[in-house]
Amino acid sequence: MRNLAVFLIYEGTAYHGWQIQQGLPTVQETLAKAVADVVGGPVHVAGCGRTDAGVHARCYCANFRTDSRIPVDRLPYALNTHLPPDIVVTGAREVSENFNAVGSCVKKEYTYMIYNSRVRDPFYVNRAWFYPRHLDENIMAEAAAQFVGTHDFAAVRSVGTDVKSTVRTVYAYDVWREAERIYLRVSANGFLYNMARAMAGTVVYAAEGKIAPKDIGAILDSGNRTAAGPTVPAGGLYMTGVWYDKGQDGFFLNNGF
């Protein structure tokens, strides 16, 4: 039996996240149905992360096992004929038997986009968080830097998924502005439920003057969710990078802004 990895991008507005949920449209279920149509039978499709409802992916990795002999170079084209236009498979490769899209992933990157203008732009609806008051990206960058390192991130996660530990390592957290758009790009060895969105909300809190950037370390030490910023809207969040670095399965996907 072959183990195949597929790479995709999707606009998540129409979906209740990646993971299959009873009676709700999800990316996982939609992709699994397309794969079943192509390979001739049901499969389990594992994804590299549980993106939430309304969250997008500029790159994403999933894998499934099949006896089908379809060549990997033909697989993306075959799948895209069975997928809606807001999900597109961009590539595929055969991987080792023990490869798993989530378990084998060593690093992920998310980017949050804020449309910071006094006037709303309809082309960014569900694709960026419209924030009409001016935000100082320099203060935001100072606040974001406080998250870098190995910390207990319980203060910036929502209850919803049981985990053995809330300790994670953030490798980088960059903030920059391009005209009316502000980008917050964070990479880590893993993310807790709503962690990226709560971190973004805390960075915005600092720009609003509700906390000082230097307070973020104490907030993390406290583990107090109410001391950190809000969970910002899902539509501004994109998965923009995933890394795998073990032997023949070593590769990375990156499609940022």
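Below is a short write-up of the structure. What you are looking at is a predicted structure, and each value in this text was computed from that prediction instead of being measured. (Residues numbered from 1 in each chain as written. Predicted model: local features only at pLDDT ≥ 70, side-chain atom pairs only at ≥ 80, totals over all residues. Heavy atoms only, no water.)

### Regarding the packing of aromatic side chains
Line of reasoning, step 1. Using the criterion set out here, one finds 15 aromatic pairs in the structure.
Line of reasoning, step 2. Between Trp-176 and Tyr-183, the aromatic rings sit 5.2 Å apart at their centres with planes inclined by 25°, giving stacked as the arrangement.
Line of reasoning, step 3. The buried category is assigned to Tyr-183, whose relative accessible area is 4%.
Line of reasoning, step 4. Clustering of aromatic rings is evident, with ring pairs tying together Phe-7, Phe-99, Tyr-244 and Phe-251.
Line of reasoning, step 5. Stacked on the ring of Trp-243, the Lys or Arg Lys-107 has its end atom at 4.5 Å from the ring centre. (Phe/Tyr/Trp six-rings, centres within 6.5 Å; stacked < 30°, edge-to-face > 60°. Buried < 20%, exposed > 50% of the residue type's maximum accessible area, 1.4 Å probe, protein only. Lys NZ or Arg CZ within 6 Å of the ring centre and 35° of its normal.)

### What about the environment of Pro-85?
Line of reasoning, step 1. You can see Pro-85 is positioned in the loop between helix H2 (75-80) and strand E4 (87-95).
Line of reasoning, step 2. Of the residues examined, Pro-85 reaches a relative accessible area of 81% and is grouped as exposed.
Line of reasoning, step 3. Considered as a pair, Pro-85 and Tyr-205 are 120 residues apart in the sequence and their alpha carbons are 36 Å apart. (Helix = DSSP H or I, 4+ residues; strand = E, 2+ residues; numbered from the N terminus.)

### Structural notes on helix H4 (residues 195-208)
Line of reasoning, step 1. An ideal rise of 1.5 Å per residue puts 20 Å on 14 residues; H4 measures up with 20 Å between its terminal C-alpha atoms.
Line of reasoning, step 2. With 12 of its 14 residues buried, H4 lies for the most part within the structure.
Line of reasoning, step 3. Of all the residues in H4, the buried ones are Met-195, Ala-196, Arg-197, Ala-198, Met-199, Ala-200, Gly-201, Thr-202, Val-203, Val-204, Ala-206 and Ala-207.
Line of reasoning, step 4. Residue Gly-209 follows H4 closely and has a positive phi angle near 85°. (Expected span 1.5 Å × (residues − 1).)

### Brief notes about the layout of surface pockets
Line of reasoning, step 1. There is about 860 Å³ of room inside the largest pocket.
Line of reasoning, step 2. Looking at the largest pocket, it is lined by 36 residues, and the ones nearest its centre are Gly-49, Arg-50, Thr-51, Lys-108 and Phe-191.
Line of reasoning, step 3. Elements that contribute at least two residues to the lining of the largest pocket include exactly strand E2 (46-47), strand E5 (107-115), strand E8 (167-178) and H4.
Line of reasoning, step 4. Class assignment for the residues of the lining of the largest pocket results in 17 nonpolar, 13 polar and six charged.
Line of reasoning, step 5. Estimates place the volume of the second largest pocket at around 160 Å³.
Line of reasoning, step 6. Taken together, Ile-9, Tyr-10, Glu-11, His-56, Ala-57, Arg-58, Pro-85, Asp-86, Val-88, Arg-127, Tyr-238 and Phe-257 make up the full set of residues lining the second largest pocket.
Line of reasoning, step 7. At the level of elements, strand E1 (2-10) and strand E3 (56-66) are the ones that each hand at least two residues to the lining of the second largest pocket.
Line of reasoning, step 8. When residues in the lining of the second largest pocket are grouped by element, the largest group, three residues, is from E3.
Line of reasoning, step 9. Split into classes, the residues belonging to the lining of the second largest pocket amount to seven nonpolar, one polar and four charged. (1 Å grid on protein atoms, 1.4 Å probe; cavity = no way out; pocket = protein on both sides within 12 Å on 5 of 7 lines; lining within 4 Å. Points joined across faces, edges and corners; volume = space filled by probe spheres on them. Nonpolar A, V, L, I, M, F, W, Y, C, P; charged D, E, K, R; others polar.)

### A closer look at the environment of Tyr-171
Line of reasoning, step 1. Position of Tyr-171 relative to the elements: it lies in strand E8.
Line of reasoning, step 2. Judged by its relative accessible area of 41%, Tyr-171 is partly exposed.
Line of reasoning, step 3. Distance in space between the C-alpha atoms of Tyr-171 and Ala-188 is 5.4 Å, their sequence separation being 17 residues.
Line of reasoning, step 4. Setting aside its immediate chain neighbours within four residues, Tyr-171 contacts Val-106, Lys-107, Val-148, Ser-187, Ala-188 and Asn-189. (Contact = heavy atoms within 4.5 Å.)

### Let's talk about the nonpolar core
Line of reasoning, step 1. Counting 79 residues, the largest nonpolar core has Val-6, Leu-8, Leu-31, Cys-61, Ile-114, Met-140 and Leu-184 as the members making the most contacts within it.
Line of reasoning, step 2. The greatest single-element share of this core, amounting to nine residues, is contributed by H4.
Line of reasoning, step 3. The contact partners of Leu-184, leaving out residues within four places of it in the chain, are Tyr-110, Thr-111, Tyr-112, Ile-114, Met-140, Tyr-173, Asp-174, Val-175, Ala-200 and Val-203.
Line of reasoning, step 4. Judged by nonpolar contacts, the second largest core, of five residues, contains Met-113, Tyr-115, Ala-128 and Tyr-238. (Core = buried A, V, L, I, M, F, W, Y, C linked by side-chain atoms within 4.5 Å.)

### Observations concerning the side chain of Lys-108
Line of reasoning, step 1. Tracing the backbone through its elements, the reader meets Lys-108 in strand E5.
Line of reasoning, step 2. Polar contacts involving the side chain of Lys-108 include one to the main-chain carbonyl oxygen of Cys-48, which spans 2.6 Å.
Line of reasoning, step 3. If we skip the residues at most four places from it in the chain, Lys-108 touches Cys-48, Gly-49, Val-102, Val-186, Ser-187, Ala-188, Phe-191, Met-239, Gly-241, Val-242 and Trp-243. (Polar contact = N/O pair within 3.5 Å; in protein donor to acceptor, adjacent residues only side chain to side chain.)

### As for helix H3 (residues 137-145)
Line of reasoning, step 1. All buried positions along H3 are accounted for by Met-140, Ala-143 and Ala-144. Projected down its long axis, H3 carries its buried residues within an arc of 100°, all on one side.
Line of reasoning, step 2. Where H3 begins, one side-chain oxygen reaches toward the backbone nitrogen of Asn-138, 2.8 Å away; that side chain belongs to Asp-136. (Arc of directions from axis to C-beta.)

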